[in-house]
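Residue-level structural notes
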Amino acid sequence: MISDYKGGCACGAVRYEMSGTPIAQLLCQCQHCRQRSGTGHSAYLVFAQRDDLALTGAVKSWSVAGDSGHEKHHAFCPHCGAPVFVTFAAAPQMVAIHPGSLDDPSLFAPQFVTYASRAQSWDSMDAALQKFATMPTG
């Protein structure tokens, strides 16, 4: 198991190190993730303990309500605009890192797809991945 994930933004102004093991690795095809990423989906490594995230450099953030009605806070580099991580009002201890920001993005191993019911026909996913129509509960 990997215990340290290191990465940062595209310009290098923001760097992070995350200790621990992700509790989930997923792809999301909801409308918000499509709009935010400018592609067909977003990717996330979700960690249970936000306190394990060591951050160097300042991030800016913006918030939006998810389908649950709870706010998600998107942190990004104020210089290059690259997304770095997401936090959640309903689960403030959790943090989701964008695997594209990892120094070694090959560490990302998606386990499932959320909001597959909103997938675009041109955004094909690995057929072996479990797909959920919305966000799984429990």
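A few points on the structure.

Things to note about the sheet that holds strand S11 (residues 130-131)
One open sheet accounts for eight strands, arranged S6-S7-S8-S9-S4-S3-S10-S11; its pairing is mixed. For this open sheet the edge positions go to strand S6 (60-65) and S11, each flanked by a neighbour on one side alone. Of the pairings in the sheet, the one linking strand S7 (residues 71-76) to strand S8 (residues 83-88) comprises five bridges and is antiparallel in character. Residue Phe-76 lies in a different strand from S8, and its bridge partner there is Pro-83.

Describing the sheet that holds strand S5 (residues 53-56)
Strand order in the open sheet made by the three strands is S1-S2-S5, with antiparallel pairing throughout. If you trace the sheet from one side to the other, it starts and ends with strand S1 (4-8) and S5, each paired once. Adjacent strand axes in the sheet meet at a mean angle of 15° when their direction is disregarded. Relative to S5, strand S2 (residues 15-19) runs antiparallel, the two being bridged by four bridges. Bridging across to S5, Glu-17 finds its partner in Ala-54.

Criteria and thresholds
Residues numbered from 1 in each chain as written. Predicted model: local features only at pLDDT ≥ 70, side-chain atom pairs only at ≥ 80, totals over all residues. Heavy atoms only, no water. Pairing = 2+ DSSP bridges. Helix = DSSP H or I, 4+ residues; strand = E, 2+ residues; numbered from the N terminus. Axes fitted to C-alpha atoms, helices over the stretch in contact; angles between N-to-C directions.

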